[in-house]
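# Reading the structure
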Amino acid sequence: MTDQPPPARRLALVLGDQLSFELASLRGLDPRQDAVLLAEVREEVTRVPYHPKKIALIFSAMRHFAEALRRRGFRVHYVTLDDPDNCGSLPGELVRWADRLRAGEVHLTECGDWRLEQSLRHCGLPLVWHADTRFLCGRAEFARWAADRQPLRMEFFYREMRRKSGLLLDADGAPLGGGWNYDGQGRKPLPAGVEAPMAVRFAPDVITREVLALVGSQFAGHPGVLDGFDYPVSHGEAQALWQHFLDFALPAFGDYQDAMASGEPFLFHARIGAALNIGLLDLRRLCADVEEACRSGRVSLGVAEGFIRQLIGWREYVRGIYWLQMPDYATRNAFGNRRPLPAFYWTGQTRMNCLRQTIGQTLKHAYAHHIQRLMVTGNFALLAGIAPRQVCDWYLAMYLDAFDWAALPNTLGMAMHADGGYLASKPSCASGQYIRRMSDYCASCAYRVSESTGEQACPFNALYWHFLMRHRRQLEANPRLGMVYRTLARMPETRQQALWRRGEDLLARLAAEDGL
Ligand SMILES: Cc1cc2nc3c(=O)[nH]c(=O)nc-3n(C[C@H](O)[C@H](O)[C@H](O)COP(=O)(O)OP(=O)(O)OC[C@H]3O[C@@H](n4cnc5c(N)ncnc54)[C@H](O)[C@@H]3O)c2cc1C
Ligand code: SF4
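Described below are features of the structure shown in this document. (Residues numbered from 1 in each chain as written. Chains lettered and ligands numbered in written order. Predicted model: local features only at pLDDT ≥ 70, side-chain atom pairs only at ≥ 80, totals over all residues. Heavy atoms only, no water.)

Looking only at helices and strands, the protein features 22 helices and five strands. For the protein, whose C-alpha radius of gyration is 24 Å, the value lies close to the compact-globule estimate of 24 Å for 516 residues. Along the first, second and third principal axes, the C-alpha set of the protein runs to 80 × 60 × 50 Å. Looking at the protein as a whole, 59% of its 516 residues are labelled buried. Considering only contacts within the protein whose residues lie at least 6 apart along the sequence, 74% involve residues at least 24 apart. Of the side chains in the protein, 61 bear a positive and 56 a negative charge, and the two mean positions are spaced by 4 Å. (Helix = DSSP H or I, 4+ residues; strand = E, 2+ residues; numbered from the N terminus. Rg over C-alpha atoms; globule rule 2.2 N^0.38 Å. Buried < 20%, exposed > 50% of the residue type's maximum accessible area, 1.4 Å probe, protein only. Contact = heavy atoms within 4.5 Å. Lys, Arg positive; Asp, Glu negative; His and termini not counted. Charge placed at Lys NZ, Arg CZ, Asp CG, Glu CD.)

Looking at ligand 1, there are 30 residues lining it, with His269, Ala270, Arg271, Tyr367 and Asn410 nearest. At 3.3 Å from an oxygen atom of ligand 1 is found a main-chain nitrogen or oxygen belonging to Ala407. One nitrogen or oxygen atom from the side chain of Asn410 is found 2.9 Å from a nitrogen atom belonging to ligand 1. Here ligand 1, which alone exposes 820 Å², has 99% of that area covered by the protein. For the shell around ligand 1, the elements supplying multiple residues, two or more each, are helix 10 (273–277), helix 12 (301–325), helix 15 (370–384) and helix 17 (404–415). Per-class residue counts for the shell around ligand 1 are 18 nonpolar, eight polar and four charged. (Near = heavy atom within 4 Å. Polar contact = N/O pair within 3.5 Å; in protein donor to acceptor, adjacent residues only side chain to side chain. Areas by Shrake-Rupley, 256 points an atom, 1.4 Å probe, with all protein chains shown as cover. Nonpolar A, V, L, I, M, F, W, Y, C, P; charged D, E, K, R; others polar.)

Taken together, Met352, Cys354, Gly432, Ile435, Tyr441, Cys442, Cys445, Tyr447, Val449, Cys458 and Phe460 make up all the residues around ligand 2. With respect to the pocket detection grid, ligand 2 is positioned in the second largest cavity. (1 Å grid on protein atoms, 1.4 Å probe; cavity = no way out; pocket = protein on both sides within 12 Å on 5 of 7 lines; lining within 4 Å. Sits in = over half its atoms within 2 Å of the grid points.)

Running from N to C, helix 16 (residues 388–398) and helix 17 point in directions that differ by 135°, and their axes come no closer than 9 Å. Judged by the inter-axis angle, helix 16 sits oblique to helix 17. By crossing handedness, the relation of helix 16 to helix 17 is classed as right-handed. Contacts between helix 16 and helix 17 involve Pro388, Arg389, Val391, Cys392, Tyr395 and Leu396 from the first element and Asp404, Ala407, Leu408, Thr411 and Leu412 from the second. Residue composition of the contact of helix 16 with helix 17, grouped by class: eight nonpolar, one polar and two charged. (Axes fitted to C-alpha atoms, helices over the stretch in contact; angles between N-to-C directions. Parallel < 35°, antiparallel > 145°, perpendicular 65-115°, else oblique. Left-handed = near helix turned anticlockwise from the far one by under 90°.)

Here we take up unusual backbone geometry. Pro151 follows Gln150 through a cis peptide bond whose omega is 0°. Tracing the backbone shows Pro151 in the loop between helix 5 (139–147) and helix 6 (154–165). Of the consecutive residues Met326 and Pro327, the connecting peptide bond is found in the cis state with omega at 5°. Its location among the elements puts Pro327 in the loop between helix 12 and helix 13 (344–347). A positive phi angle, close to 60°, is found at Arg271, a residue other than glycine. In this fold, Arg271 is placed in the loop between helix 9 (250–256) and helix 10. A positive phi angle is found at Ala366, which is not glycine, with a value near 55°. A residue is classified by how much of its surface remains accessible, and Ala366, at 2% relative accessible area, is buried.

What follows concerns the pattern of salt bridges. The tally for this structure, following the rule as stated, stands at 34 salt bridges. The partner of Asp258 in a salt bridge is Arg187, with the nearest N and O atoms 2.9 Å apart. On the criterion of sequence distance, the pair formed by Asp258 in the loop between helix 9 and helix 10 and Arg187 in the loop between helix 6 and helix 7 (206–218) is long-range, its members being 71 residues apart. For Arg187, a relative accessible area of 28% puts it in the partly exposed group. Overlapping salt bridges bring together Glu110, Glu117, Arg121, Arg139 and Arg319 as one network. (Salt bridge = Lys/Arg side-chain N within 4 Å of Asp/Glu carboxyl O.)

Quick look at the structure:
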């Protein structure tokens, strides 16, 4: 243990996903007598086998934030992962530092993870908690909105958030253009000849290089590629990423947000999820920029509305559901799925090209866009009846932007429908035809998307019908699946049996050595 540091009147703990100067627990801090604590702890980076790029991003961004706070005059105590005194857990480090600094008060901002918040709340110190005001909708506010509504639907919540924020409203408070939602527009596959903008890259500086060396040596066994780390790690870099998106990708975002293309991991997506979730970007500022781009005629109303809906609609909605439903939500398994996650999710080694492409780019960049997550990896896990807990852990481990409040409802609720339809009105299940329509993956796949039975047939096709037959009792009454079940009913019995047999065969082969 080094020399005794001077005491602190107030100690504020800042977590790795709270790197915002506006953080509620940092407000009112007096640099002359207060202190800030940041700690890299093993417990938080080994709970699931996190992608090494994700660990590097968090540690590097934390170190840059600590430097930026120091430049602003704050006294910062920073515990590195390899500090011999580091006890390895956040509650442990908080207690150790509160004691060392003889802190009069300990301040924290609400966590993004129920488990971590519980363990901090029970660390034995009296704590002063602050709401996470980086979000538009507080936990209690969401609970009030949800109280007299069943079922919950994102669209109505989103309208509330539009009214609350005043975004894209006219002077009378009506939605600009007369509609709340222009979702029907766009959603095209990528046509030949349309090229996505070049991805902006950020070369690692000295701090990031040190972190990359640490992560490379400590987490070599984690799945995912560390080489080629180029993600923004400071507020300035994150702003440059955002500006690049506004200038070059936003105008086409609406049209191609559902498109998938080989060798194009980012297309017209913003790639801001991680920077926003860890505090390097500010939600209100992003929305204001998009609104400004719309009002000045640089992007269409449909594009601006669609993007703002992602930010103040879906993003806030999934967070609201998380805090309303935890801890039970994490254990939901409406279909009773038990099958283990196929090994190829960790390696990308499968003959199914859509999965190989999506998992391959995930291992390389710790990134896949929404439709790849929902309609390729999520869809397959849903159709194959994989245990939701294992699927959720995979998403949490793999994606740069994955934090429990966002990863869990998106995976368990939206992709796996394991909450029985609490978050979304229908399961996001689809045959290979959807993937064929929205991507170029099928053209170079070992399987034939036009076939449903037979050795070469696309596995998604038979698994889709197998899923619908398997869960007929639970799903048949869902009005959004009515047409699909009518199609199934019209199929000759022999065809239904053949699809069922092919589905059974595929599921049996999932665990086999040569797999799918
Ligand atoms: C199975 C599954 C798991 C997901 N896990 C996460 C996660 O752990 N963390 C996460 O932030 N997003 C998650 N998402 C939502 C979405 O896929 C990512 O936010 C998005 O891909 C991030 O990339 P981007 O910044 O390029 O997004 P863009 O496509 O450019 O979208 C812009 C922004 O909108 C917000 N957004 C859009 N949809 C959602 C949503 N459903 N939930 C939360 N934010 C949303 C994000 O902040 C995103 O950065 C998940 C989606 C699915 C289907
Ligand atoms: S044929 Fe089927 S498995 Fe192959 S890429 Fe298309 S959807 Fe995926």
